[in-house]
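Results of the structural survey
Given next are the chains, with one letter for each unit.
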Amino acid sequence: MQNSTQPLQLRPSSAGKWVNCPGSVRAEQGLPDGDTTNMDTGTVAHWIAAKMLKGEELPALDSELEVDNGEVVPVLFDSDLPIIRFDQEMLDNVSKYANYFQFGHYDMARLIVERRLEIDEGFGGTPDLIYINDDDDGNTLEVHDLKYGYNLVQAELNRQLMVYAYAADLECIAENGREFTHFKLVIHQPRLGRVDEVTYSRDEIQEFWGEALNRVADINDGVETRNAGEWCTKHYCKARATCAVFQDYALEDLPEIKEELNNADIGRKLSKIAAIRDWCDRIEQEAYSLVVEKGQRINGFKVVAGKRGGRAWISESDAEKMLKSMRLKNDVMYSQKLISPTQAERLYKSEILGERQWDRLNELITRAEGKPTLVPDADKRHEIEIITDLDLLEDV
């Protein structure tokens, strides 16, 4: 049950949601977070990145960490919190983000890393990194954000970074009366190998600030209007499973199923797939929570044991001793597997392999081309040309 006495929490990271759907803030109030593994992994990655940029000591590789009330702490005893391992993969990816500044045209002493910014009572946030760039055009405020997940995030019209830019601008005006002429928003996604950026003039970005501040006032005044749209699937919302407005959005304006569909019908159906799939996923998660976690029943459904996991030795050392006592040969007892190109690259990065050796290995590495994927026209990736069998016949 929602707790209406809890103070509302407006987070810049959710600005893309509450600017469009002010009712989502109260709708989510008091609802459980669900599985936070991915979110906690991102929190640990940001924590590591901040330490790198501040020159602080990193935890040992393969350390087990957890996120308790927003704080990254070592795992000392069993808890219900997800365990996040600081492994080589995380180190490699976070290093790409840190290297952007360390080997770019940045004065490391002027980086403002994870400083809490306040906008209004109960409304503030902590940008990953702020940088004041005194360029030829006047002065530019740069707002950088590390996204550790795999979902594509664009810098253009990124409301989270726009809110951070507003907060940083307020602080600089208060401290020294300085107004920035330009605002550069940068998204870093090292696991996708991409950096995306956009620059706005002060006049361009002020229009958004006015919209956001009006929405904050509406929310504080108790406005509970819900609006559904693409932001429902782009941003995590705890209320999606029970939101009638989102349900209507997911299912509205779909043509009836026909034996033959024209191009427009296919396009309308295709544009709804992400929302419908997300809606279905949320319903399944909500049902699981009600039955398995809260002990309630859902009419027409029951709980059964799922497929059992793979078999494993209780103790590999005991199994090894027993197999040896059976006088089995090594080639029967053990299996060998060649390391992957990724593992070989780690040997190169750790200087076990030299540069010439790595260059020779690279000649033996191949990589399959990405499968053609349908995306909305708004996606910034370059469109590829599709050649059909019919096209090939016409060339003959």
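Since the structure is predicted, the reported quantities are computational estimates derived from the model, not experimental observations. For every chain, the first residue of the written sequence is number 1, and numbering continues from 1 along that sequence. Residue-level local features of this predicted model are given only where pLDDT is at least 70; pairs of side-chain atoms are given and counted only at 80 or more, and the full residue set underlies all totals for whole chains, interfaces and linings. Computation of side-chain values: all heavy atoms of the structure, hydrogens and water removed.

For patch building, the residue pool is restricted to those with more than 30% relative accessible area and no salt bridge; the joining distance is 9 Å between like charges and 5 Å between nonpolar side chains (Val, Leu, Ile, Met, Phe, Trp, Tyr). Reported accessibility uses the Shrake-Rupley method at a 1.4 Å probe radius. Residues are deemed covered only where the shown protein chains occlude them. What makes a salt bridge here is a side-chain nitrogen of Lys or Arg within 4 Å of a carboxyl oxygen of Asp or Glu, nothing more. A cluster of nonpolar side chains, Ile266, Leu270, Ile273 and Leu374, forms an exposed patch at the surface whose accessible area comes to about 380 Å². Within the secondary structure, Leu374 is located in the loop between helix 13 (355–362) and helix 14 (389–395). Each residue is assigned to one of three classes by its accessible area relative to the maximum for its type, calculated with a 1.4 Å probe on protein chains only: buried under 20%, partly exposed between the two thresholds, exposed over 50%. By relative accessible area, Leu374 is classed as exposed at 71%. Put simply, DSSP marks the helices as runs of H or I at least four residues long and the strands as runs of E at least two long, and each gets a number from the N terminus on.

Within the secondary structure, Glu252 is located in the loop between helix 8 (244–251) and helix 9 (263–293). In sequence terms Glu252 and Lys272 are 20 residues apart; their C-alpha atoms lie 8.8 Å from each other.

Read across the open sheet, the three strands follow the order 2-1-3; overall the sheet is antiparallel. For this open sheet the edge positions go to strand 2 (71–74) and strand 3 (84–86), each flanked by a neighbour on one side alone. Taken over all neighbouring pairs, the strand axes of this sheet differ in orientation by 40° on average, direction set aside. Both strand 1 (residues 63–68) and strand 3 contribute to a ladder of three bridges, which runs antiparallel. Within the sheet, the bridge partner assigned to Ser63 lies in strand 3 and is Phe86. In short, DSSP must find at least two bridges between two strands for them to pair. Angular values range over 0 to 180 degrees, each being the angle between N-to-C directions of two axes fitted as lines to C-alpha atoms, with helices fitted over their stretch in contact.

Turning our attention to the nonpolar core. Grouped together as the largest cluster of nonpolar side chains are 34 residues, with contacts concentrated most on Trp18, Leu141, Val143, Ala165 and Leu185. Of all the secondary structure elements, the ones that give two or more residues to this core are helix 1 (15–18), strand 5 (117–120), strand 7 (129–133), strand 8 (140–146), helix 5 (159–176), strand 9 (182–189), strand 10 (194–201) and helix 6 (202–220). Top contributing element to this core by residue count: helix 5, with nine residues. When residues no more than four places from it in sequence are discounted, the contact partners of Val143 are Leu129, Ile130, Leu161, Tyr164, Ala165, Lys184, Leu185 and Val186. Judged by nonpolar contacts, the second largest core, of 25 residues, contains Ala50, Phe86, Tyr106 and Tyr148. Residues belong to a common nonpolar core when they are buried Ala, Val, Leu, Ile, Met, Phe, Trp, Tyr or Cys residues joined through side-chain atoms within 4.5 Å. By definition, residues are in contact when any of their heavy atoms lie within 4.5 Å.

Taken together, five strands build an open sheet; the order of strands is 4-7-8-9-10 and the sheet is mixed. Two strands lie at the open edges of the sheet, namely strand 4 (112–113) and strand 10, each paired on one side alone. Bridge count for strand 4 against strand 7 is two bridges, and the pairing is antiparallel. Within strand 7, the residue paired with Ile112 across the bridge is Ile130. The sheet strands contacting helix 6 are strand 9 and strand 10, and the helix crosses strand 10 at an angle near 95°.

A few words now on the state of the cysteines. Note on terminology: disulfide describes a covalent bond linking the sulfur atoms of two cysteines. Here, two cysteine sulfur atoms that lie within 2.5 Å of each other are counted as a disulfide. Scanning the model with the defined rule gives zero disulfides in all. The cysteine Cys237 is free of any disulfide, with Cys243 supplying the nearest cysteine sulfur at 6.7 Å. Considering cysteine sulfurs only, Cys232 is the nearest to Cys280, which forms no disulfide, with 15 Å between them.

By the bridge criterion, four bridges tie strand 1 to strand 2 in an arrangement that is antiparallel. Looking across to strand 2, one finds that Glu66 is bridged to Val73. Hairpin connection from strand 1 to strand 2: two residues lie between these consecutive antiparallel strands, with Asn69 at a positive phi of about 55°.

With that settled, consider the confidence of the model for the protein. Per-residue confidence for the protein gives a mean pLDDT of 85; residues scoring 70 or more make up 92%. A low-confidence stretch, residues 1–5 stays under pLDDT 50, and its non-local contacts, those more than four residues away or across chains, total nine contacts. Note: pLDDT gives the predictor's confidence per residue, expressed from 0 to 100.

Topologically, Asp145 is positioned in strand 8. Only 2.9 Å separates the side chain of Asp145 from the side chain of Lys147, close enough to count as a polar contact. Beyond its immediate sequence surroundings of up to four residues, Asp145 is in contact with Asp128, Gln160, Leu161, Val186, Ile187 and His188. Polar contact criterion, stated in full: a pair of N or O atoms within 3.5 Å, where within protein one must be able to donate a hydrogen and the other to accept it, and residues adjacent in sequence count only if both atoms are side-chain atoms.

So, on to the pattern of salt bridges. All chains considered together, the criterion is met by 14 salt bridges. One salt bridge in this structure joins Glu89 and Arg191, with 3.8 Å as the shortest N-O distance. Here Glu89, found in helix 4 (residues 88–102), pairs with Arg191, found in the loop between strand 9 and strand 10; they are 102 residues apart in sequence, far enough to count as distant. Among the salt bridges present, the one from Arg282 reaches Asp278, with a minimum N-O distance of 3.7 Å.

Once that is clear, we can look at the packing of helix 3 (residues 37–54) against helix 4. The N-to-C vectors of helix 3 and helix 4 enclose an angle of 45°; their axes lie 9 Å apart at closest approach. By the criterion of interaxial angle, the relationship of helix 3 to helix 4 is oblique. Helix 3 and helix 4 meet at a crossing whose hand is right-handed. Along the contact surface, helix 3 presents Thr41, Val44, Ala45, Ile48, Ala49, Met52 and Leu53, while helix 4 presents Met90, Leu91, Val94, Ser95, Tyr97, Ala98, Phe101 and Gln102. The nonpolar class holds Ala, Val, Leu, Ile, Met, Phe, Trp, Tyr, Cys and Pro. Asp, Glu, Lys and Arg form the charged class, and all remaining residues, Gly among them, are polar. Of the residues assigned to the contact of helix 3 with helix 4, the class counts are 12 nonpolar, three polar and no charged. Our angle categories are set so that under 35 degrees counts as roughly parallel, over 145 as roughly antiparallel, 65 to 115 as roughly perpendicular, and the remainder as oblique. By the definition used in this description, the sense in which the near helix is turned from the far one sets the handedness, with an anticlockwise turn below a right angle giving left-handed and a clockwise turn giving right-handed.

Turning next to helix 9. Given the number of residues in a helix, its expected span is that number minus one, multiplied by 1.5 Å. Taking 1.5 Å of rise per residue, 31 residues should cover 45 Å, and helix 9 covers 44 Å from first to last C-alpha, within 8% of that figure. The bend reported for a residue corresponds to the angle between axes fitted to the seven residues ending at that residue and the seven starting there. Of all the bends in helix 9, the largest measures some 40° and sits at Ile273. Considered for burial, the residues of helix 9 that qualify are Asp265, Lys272, Ala275, Asp278, Trp279, Arg282 and Ser289. In this structure, the buried residues of helix 9 make contact with helix 7 (231–234) and helix 8. Phi turns positive one or two residues past the end of helix 9, at Gly295, with a value near 70°.

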